[in-house]
Amino acid sequence: MGGAMARIDEIKSLCDRLAPLGWRELLRNATEDKLDISQSTSAALRRELTKTLPGIDRMLPGFEDFAADGTKAVAPGQPASSLLYHALASPMITRDHEGRPLQGFATPVELDLLENFIFSLVPLSLTKFLKDNGGVSKVAVAVFSCEYRPASDTVDGRHADLTFSRTGIARVGTARPRYHADVRGFWPEDEDNANGVRVLPARFTAWLAVRKPGGDTRVSPILESSGGRTSDEAGRDFLVPVHKLFPGDDCLEGLVLDPQFTARLFNVKIQRIHKALGADPLPESFPYVIRDGEIADWSTDPELGPGWLVPTIRPSLVEPAMVDGKPLTFRVTPDFVDVFAAFEPSAAGGGRGAAPEYVHARTQVKGNMFIDLNDKMDVVAAMKKEPYDALHYVDFSGEGWIEANIPALANRNIPSVAAYALVCAPDFFPACGQFEVSEWSRSKDIPAQFRGSLWFIEPTPLSETRLPANLQLQGNPFTADDTTITAVVGMGTPNGLPAVWPKQPDVLRASSLPDDAAGVFAPGWDVGRDQQPGGDGVEHLASYALGSPFPEDAKLCAALSTFWPAVAPDVFRTFATPIGNTGGTVAPLTDEEIGQSGSLPWDGVPGPRVVTHNNLPHVEIASFLNADYVRQVMQNRLSIRLTAQISTEDYQARILAVSRAYSVVGNLSDIKETRMEWLVLSFRVITSGDVELQQAQSEAHTIMRGQVYRMELCQSPPVAAREKISAHLHRFPLHDVCFFFASPDSKEVLVKRENDLRWASASSER
């Protein structure tokens, strides 16, 4: 690509396309009629876009969080201070000045070209840049994943801004990605198939970046991280993007750039299992090692443009591992079978994280027969009876790195720093942000009665993890001292301003940055951790530390009381498992989402059901150990259709509402203890016009405020009282049923026990 005139021609094509779709009039109204993107020539448009605007109407919807120092349609080198870029990139701007829907939007490739134009207006002198920023020891060519976000989702809430991380997260799926232009992002729901999930791409870009200490960096704050507290976050080393690197002769003075991205990706879960079992030499072929394009590849969609890493679409998220038409197996011996009916490689003594934490081992292979051990009444006993060969299953998650190859900079002695790429399992709560839930979990928005008692695992986002990327991947470019690779940062320096946009409407689009991903613990959801061999080996991130395939671990996370908040649904009440973390339901799914009503249980396993047995009420509930998420996923029975609609606010409201019910039924005692004693039989969202709610409010002389939920709880029986009536089903007598109407906004809870004639009101707080 040539110089400045060729680049402004691209921007003119963009403006000419969008102007008649409502954008011309919107921008004229936003600038007191001083900005007109309809110009007769490219030269005239360039003058129009770069002139100073006397005023900008920040009261117009979507323009409220435009940078306060923004005075031009295009501010050289500053996308966030460029009014045109903000208007086209912000998901908050979907209507014109009169509230009518805009008739079209910029595509990702057009936004990329606009970014390039903004930086082309200030081509850098590389020599001067190095001199001004401390030389090659402080400057790097770095790859970042980035998103333009509303102010409330940026690192410090100053204004809408490009937000960056050197870790980008794509997610696997069974259908092609779909870009929703109005929200400027992707969404995982497959509108054509309730049991499908769209892949989610991640965008990577190359930048000249400068190393800065945390105290001089706009970095997403540490909310809850022992690493961040014990070592000096302000003194940590962060890479901060300064100048985007793009094709052409107008990026860096005297140089013609042609950046090319290389993706190296690995899934070594099966190889690591065999390493734990003592295999020597280690097999390198598929599916022991899954590489590169089998996991994800660069998009060729012309509307997306460069730098989009797209997971490879699969008919199902899990497949049997077959080699030349024959099943690939591993040997299961009793010592490796754990209490969760999974195979646990760490029992071999290799240490946690060196191989998948939990491996599906319930498909026994005998000759040409596959025997489903889930159908055994005592599945753990069946697995421990004698050694057997178990079928491997393959998922196509993975990890690796993205490098930028820029030949014009090859002999400049400037370090090139790769980004960490993760291709992860689906996020079942794409509308619910990990960072937002993490902030809320530590805030005074949670009544003191419940603070510290909500989760077994705090919802810490991956952006707070201070570990290097996987140091054991073959040929990896990572270093042990690069502990801020998952941090989320902004351009520029902090200026001490408080967050000015703490609250904005949710945007229904997925994020590829680590503040919307789960952190690492036992072992994690998006990525786990391992340690280099040897006593002083460095701990690092590793996706092979997760379950193999990923639904094996996902079942545990979901059944054990939302073990990973904001990504793993809470289906404790589907199983009421008496093993592991028996912490009760924390973040309840509704009866419809869990399959008690309707036809779309998110995991294909219906929730508890009240039945009559021997003329007495009983509860039938699924057997946790015999349930098989791997099989459900392989048969495409999972669905995000309903869970994808759960917003951060709704997620938080459910947690508080059920906590209020626990508090009342437990006579204001610690809800952690009460949750273990009571099972949620039913959980429903209620409208204010609900007849039963109106009757309850009348009888209790109490009006509920805010969103109201109706709940049914019963005593959770001891293990001895549970009768296993089939391999997949338990039954127990129904005792002490209580009915509740609760709202996160009302201390008073409406309650009626099984034999009560009327509803009563009870306080949920001391």
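K.L.:
Residue-level account of the environment of Lys326, with values.
P.N.:
Here Lys326 shows up in strand E15 (residues 326-327). When the C-alpha positions of Lys326 and Gln434 are compared, they lie 41 Å apart, and in sequence the two are 108 residues distant.

K.L.:
Could you give an account of the pattern of salt bridges, with specific residues and numbers?
P.N.:
Evaluated as defined, the whole model comprises 49 salt bridges. Taking the shortest distance from any N to any O, the salt bridge between Asp237 and Arg211 comes out at 3.5 Å. In this pair, Asp237 is assigned in strand E8 (residues 237-244) and Arg211 in strand E6 (residues 202-213), connecting sequence segments 26 residues apart. Of the charged contacts in the structure, one is a salt bridge between Arg352 and Glu357, with a shortest N-O distance of 2.8 Å. Residue classification places Glu357 among the buried positions, given a relative accessible area of 5%.

K.L.:
So what's going on with the sheet that holds strand E33 (residues 738-742)? Which residues, and what values?
P.N.:
Taken together, 5 strands build an open sheet; the order of strands is E29-E30-E33-E34-E35 and the sheet is antiparallel. With partners counted over all chains shown, the strands left at the sheet margins are strand E29 (678-686) and strand E35 (760-763), one partner each. On average, adjacent strands in this sheet sit at an angle of 30° to one another, irrespective of strand direction. Of the pairings in the sheet, the one linking E33 to strand E34 (residues 748-753) comprises 4 bridges and is antiparallel in character.

K.L.:
Which residues make up the side chain of His730, and what values do they have?
P.N.:
On the secondary structure map, His730 appears in strand E32 (residues 729-733). A relative accessible area of 18% means that His730 is categorised as buried. Apart from residues no more than four positions distant in its own chain, His730 is found in contact with Val619, Glu620, Ile621, Ala622, Ser623, Arg722, Glu723 and Lys724.

K.L.:
Provide a residue-level description of the nonpolar core, including the pertinent values.
P.N.:
Here is a general trend for soluble globular proteins: nonpolar side chains tend to be buried in one another's company. Among the nonpolar cores identified, the biggest contains 170 residues, and Trp23, Leu49, Leu245, Trp525, Met711 and Phe740 are the most heavily contacted of them. In terms of residues, this core owes the most to one element, helix H15 (residues 648-665), which gives 10 residues. Setting aside anything within four residues of it in sequence, one finds Trp23 in contact with Leu18, Ile37, Ala87, Leu88, Ile93, Leu102, Gly104, Phe105 and Arg184. Ile169, Ala418, Leu462 and Leu471 belong to the second largest nonpolar core, which has 22 residues in total.

K.L.:
I'd love a proper account of helix H2 (residues 23-30), names of residues and values included.
P.N.:
Given 3.6 residues per helical turn, the α-helix brings residues three or four places apart onto the same face. Listing the buried residues of H2 in full gives Trp23, Leu26, Leu27 and Ala30. Buried residues along H2 cover an arc of 90° about the axis, so they all sit on one side. Note on H2: the residue one or two positions beyond its end, Glu32, has a positive phi of about 55°.

K.L.:
Please give an account of the pairing of strand E27 (residues 609-613) that cites residues and values.
P.N.:
In this structure, E27 lies alongside strand E28 (residues 616-622), joined through 5 bridges in antiparallel fashion. If you follow Val610 over to E28, its bridge partner there is Val619. Hairpin connection of E27 to E28: 2 residues between the antiparallel strands, including Asn614 at a positive phi of 55°.

K.L.:
Please give an account of the sheet that holds E27 that cites residues and values.
P.N.:
Taking strand neighbours across the sheet as the criterion, the 4 strands line up as E27-E28-E32-E31 in an open arrangement whose pairing is antiparallel. Each having just a single partner strand, E27 and strand E31 (723-726) make up the two edges of the open sheet. Strand-to-strand twist in this sheet, taken as the mean axis angle between neighbours without regard to direction, amounts to 40°.

K.L.:
Kindly report on H15, identifying the contributing residues and their values.
P.N.:
Given a rise of 1.5 Å per residue, 18 residues ought to cover 26 Å, and the 26 Å separating the end C-alpha atoms of H15 matches this to within 8%. Within H15, 17 of the 18 residues are buried, which leaves it mostly tucked inside the rest of the structure.

K.L.:
Go over the packing of aromatic side chains with me, naming the residues and quoting the values.
P.N.:
Applying the stated rule across the entire model yields 24 aromatic pairs. Between Phe428 and Trp525, the aromatic rings sit 6.3 Å apart at their centres with planes inclined by 80°, giving edge-to-face as the arrangement. Residue Phe428 is located in the loop between strand E23 (419-424) and helix H10 (434-441), and its partner Trp525 is located in the loop between strand E24 (488-490) and strand E25 (528-531); the two are separated by 97 residues in the primary sequence. For the pair formed by Phe428 and Trp525, the shared burial category is buried. Three or more aromatic residues joined by ring pairs form one cluster here, namely Phe119, Phe144, Phe164 and Trp207. If you follow Arg314 out to its NZ or CZ, it ends over the ring of Phe396, 3.7 Å from the centre. A cation over a ring is seen here: Lys555 above Phe624, with NZ or CZ 4.7 Å from the ring centre.

Cut-off values and rules
- Residues numbered from 1 in each chain as written.
- Predicted model: local features only at pLDDT ≥ 70, side-chain atom pairs only at ≥ 80, totals over all residues.
- Heavy atoms only, no water.
- Helix = DSSP H or I, 4+ residues; strand = E, 2+ residues; numbered from the N terminus.
- Salt bridge = Lys/Arg side-chain N within 4 Å of Asp/Glu carboxyl O.
- Buried < 20%, exposed > 50% of the residue type's maximum accessible area, 1.4 Å probe, protein only.
- Pairing = 2+ DSSP bridges.
- Axes fitted to C-alpha atoms, helices over the stretch in contact; angles between N-to-C directions.
- Contact = heavy atoms within 4.5 Å.
- Core = buried A, V, L, I, M, F, W, Y, C linked by side-chain atoms within 4.5 Å.
- Arc of directions from axis to C-beta.
- Expected span 1.5 Å × (residues − 1).
- Phe/Tyr/Trp six-rings, centres within 6.5 Å; stacked < 30°, edge-to-face > 60°.
- Lys NZ or Arg CZ within 6 Å of the ring centre and 35° of its normal.

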